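Coordinate analysis (summary)
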Amino acid sequence: MNVPMKVTVNGKLHALDVEPRMLLVEMVREQLDLTGTHVGCDTTYCGACTVLLNGAAVKSCTMFAVQADGAEITTVEGLEKDGQLHPIQKAFGDAYGLQCGYCTPGLMLSTLQLLSENKQPDEKDMRKAIAGNTCRCTGYQNVLKAMQLAAQNMKGA
Amino acid sequence: MLSQLGDDAKLLAGGQSLIPLMKLRFANPAHLIDLNFIAGTSYIHNANSALRFGPLTRHAEIENSDIPARIPILYDCAAGIADVQVRNRGTIGGSLAEADPSGDWAVVLSTLATQVRCLGKNGERTVHLKDFIQDAYTTALAHDELVSEVVVDIPAKGSGGAYLAFKRAAPVYPTASAAVQLTMDGNVCKDAAIALGCVGLTAIKAKDAEAALRGRPISERTLSAVAEAARAAADPQSDMRGSADYKRTLVGALVRRAITIAVRRARGEHVEVSHLYA
Ligand SMILES: Cc1cc2nc3c(=O)[nH]c(=O)nc-3n(C[C@H](O)[C@H](O)[C@H](O)COP(=O)(O)OP(=O)(O)OC[C@H]3O[C@@H](n4cnc5c(N)ncnc54)[C@H](O)[C@@H]3O)c2cc1C
Ligand code: FES
Ligand code: FES
């Protein structure tokens, strides 16, 4: 039995019918076709599925879609505005903060929560913010540089 | 609702234990009752020298509240659980109700006077934390009861505490952990509560270690005796996180270090600690 729900994803309101057991990440990827949100582990470990739920980073593989009824979700597709990359996206590119890119949407959303709460994070704040995001390629050094650059880029904003 | 739906129904709080367990088919409820839509279940109230936590209060809300300044050991715990994403969802009520042998809250709260309020169709009752958690994954909750509030007495002025957990990465449970809350009189420890985590089926209150600290000056000799008593109190199992011997040694070292931090905090020093990583 499907249940009706309403959810705002990247600023757009969707009225959906979902199976109660459907995970949020499945709804985002399969119903809304927003495949930038990845599934790395499906065990609440890797953070590749990170999205913002009312501004807070959550692992969308560990929440049911119906729990987002009435909520606002931000996925990586919601970062870009009017064809312009978000400063965080730009920083990850400029600072070589990604290699294969699988973890990157999650890392960028964790960065977004951090920078919306703390405009001038130090290295400890940044490490803490991405402790739930696994990256198998970069070794995190360039990710931290990208986060620093993003903070600088967003200072004026 | 719980009594209507029967044994196949389960409550859903942060879902950070239950949903992973459902994926593994370790939990297989026919009905889930989502507590997240009930208003007024997430709060931190300060009244009559006690803090009252709503059952749905997230670890992150505790981390980001004004608690750190008042009761540092609660901050050590809240800020050290897993990662930002898990802390944004996971709740204090869910953590105690789950009674995971490696859960952090039960360890820390057993060094403070903590009561768990349980609400059922016959009303509300108050259970002391030590009676609430009965065994691994087993609590005093009846099937149709829920945790409605967690009440923690604010430690007296001049009391200091610290919680240290040793982990291999953020999104995993600790390998071992130690919580210490003590009061000092000069260099002599007047009173102490010590609890050990991840080295038994529940948090272990290390009574002999407490006795080895109480009334003694903080010296190398005292610390060695307390650490030895803590090692003896631990009852760890070998698993993927480490051998029993390793965990026993580790927990002794954590207790020793937690005491030195708690002493400094009891003197009013601001000491930042965070979980230790392998
Ligand atoms: C990757 C990862 C790492 C983690 N690391 C740690 C860690 O280092 N330390 C730590 O302590 N925890 C850790 N956790 C667990 C986390 O803290 C959980 O949030 C917590 O144990 C359970 O809380 P919850 O709100 O998510 O409960 P849920 O998963 O929703 O529920 C857990 C159980 O409690 C019951 N329940 C929930 N709320 C109530 C209530 N109010 N009354 C009665 N029953 C209730 C549910 O029915 C269920 O059986 C980790 C989790 C993950 C996914
Ligand atoms: S896919 Fe959700 S944490 Fe890995
Ligand atoms: S860039 Fe490949 S996993 Fe992070």
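Throughout this description, residue numbers start from 1 for each chain and increase along the sequence as written. Here chains are named by letter from A upward and ligands by number from 1 upward, in the order in which they appear as written. A pLDDT threshold of at least 70 governs which residues receive local features in this predicted model, and a stricter bar of 80 or more applies before side-chain atom pairs are shown or counted, although totals over entire chains, interfaces and linings include all residues. Working from all heavy atoms in the structure, the side-chain values ignore hydrogens and water.

Some remarks on the site of ligand 1
To keep things clear, this is the line we draw: Near, as used in this document, describes a residue that has one of its heavy atoms within 4 Å of the molecule or strand being considered. Within 3.5 Å is the distance limit for a polar contact, defined as a pair of N or O atoms, with the added protein rule that one can donate a hydrogen and the other accept it, and that residues adjacent in sequence qualify only through two side-chain atoms. All accessibility values rest on the Shrake-Rupley procedure with a 1.4 Å probe; residue burial counts only the protein chains present in the view. In this description a helix means any DSSP run of H or I spanning at least four residues, a strand means any run of E spanning at least two, and both kinds are numbered starting from the N terminus.
Among the 32 residues in the neighbourhood of ligand 1, the closest are listed as B:L11, B:G15, B:L18, B:T91 and B:D104. Around ligand 1, the nearby residues trace back to chains A and B. Within the backbone of B:A13, a nitrogen or oxygen atom sits 2.8 Å from an oxygen atom of ligand 1. The side chain of B:D104 places a nitrogen or oxygen atom 2.7 Å from a nitrogen atom of ligand 1. Out of a free accessible area of 970 Å², ligand 1 has 95% covered by protein chains. Among the elements of the structure, strand 1 (9-12), helix 7 (92-98) and strand 9 (146-153) of chain B are those that each provide at least two residues to the shell around ligand 1. Considering every element that reaches the shell around ligand 1, the biggest residue donor is helix 7 of chain B, with 4 residues.

Let's talk about the side chain of B:N88
Here is the rule: For the exposure calls, accessible area comes from a 1.4 Å probe over protein chains only, and a residue counts as buried if that area is under 20% of its type's maximum, exposed if over 50%, partly exposed in between. Working rule for contacts: check all heavy atoms of both residues, and any pair within 4.5 Å makes them a contact.
Here B:N88 is to be found in helix 6 (residues 84-89). Judged by its relative accessible area of 14%, B:N88 falls in the buried class. Within the local environment of B:N88, its side chain forms a polar contact with the side chain of A:Q113, the two groups lying 3.0 Å apart. If we ignore the near neighbours within four places in the chain, the residues touching B:N88 are A:A56, A:A57, A:V58, A:Q113, B:R58 and B:A60.

Points about helix 12 (residues 244-266) of chain B
Note the threshold: Here the expected span of a helix is defined as 1.5 Å times the quantity of residues minus one.
In a regular helix each residue adds 1.5 Å, so 23 residues correspond to 33 Å; helix 12 of chain B covers 32 Å between its end C-alpha atoms and thus fits that length. B:G268 sits one or two residues past helix 12 of chain B and shows a positive phi near 95°.

Description of the pairing of strand 5 (residues 114-120) of chain B
Consecutive residues of a regular strand have side chains that alternate between opposite faces of the sheet. Residues and elements named next belong to chain B. For the record, the criterion: Here, any two strands with at least 2 DSSP bridges between them count as paired.
Judged by which residues are buried, strand 5 turns out to be one-sided: T114, V116, C118 and G120 face inward and are buried, whereas Q115, R117 and L119, on the alternate face, are not. The pairing of strand 5 with strand 9 spans 6 bridges and is antiparallel. Paired with R117 across the bridge in strand 9 is E149. Judged from the 6 bridges that link them, strand 5 and strand 6 (residues 123-128) form a sheet pairing that is antiparallel. Among the inter-strand pairings, G120 is bridged to a residue of strand 6, identified as G123. Counting the residues that bridge the hairpin from strand 5 to strand 6 gives 2 residues.

Here's the deal with the domain arrangement of chain A
All names here are of chain A. Our working rule: Segmentation into domains, and thus their bounds, comes from an automatic or database assignment. Reported buried area values correspond to the accessible surface (1.4 Å probe) lost by two parts on association, with both partners' losses combined.
Partitioning chain A into structural domains gives domain 1 (3-78) and domain 2 (87-156). Here domain 1 and domain 2 have C-alpha centroids that lie 21 Å from each other. Taken together, the contact pairs 18 residues of domain 1 with 13 residues of domain 2. Together domain 1 and domain 2 conceal approximately 1,100 Å² of surface at their shared face, both sides included; 59% is due to carbon and sulfur atoms.

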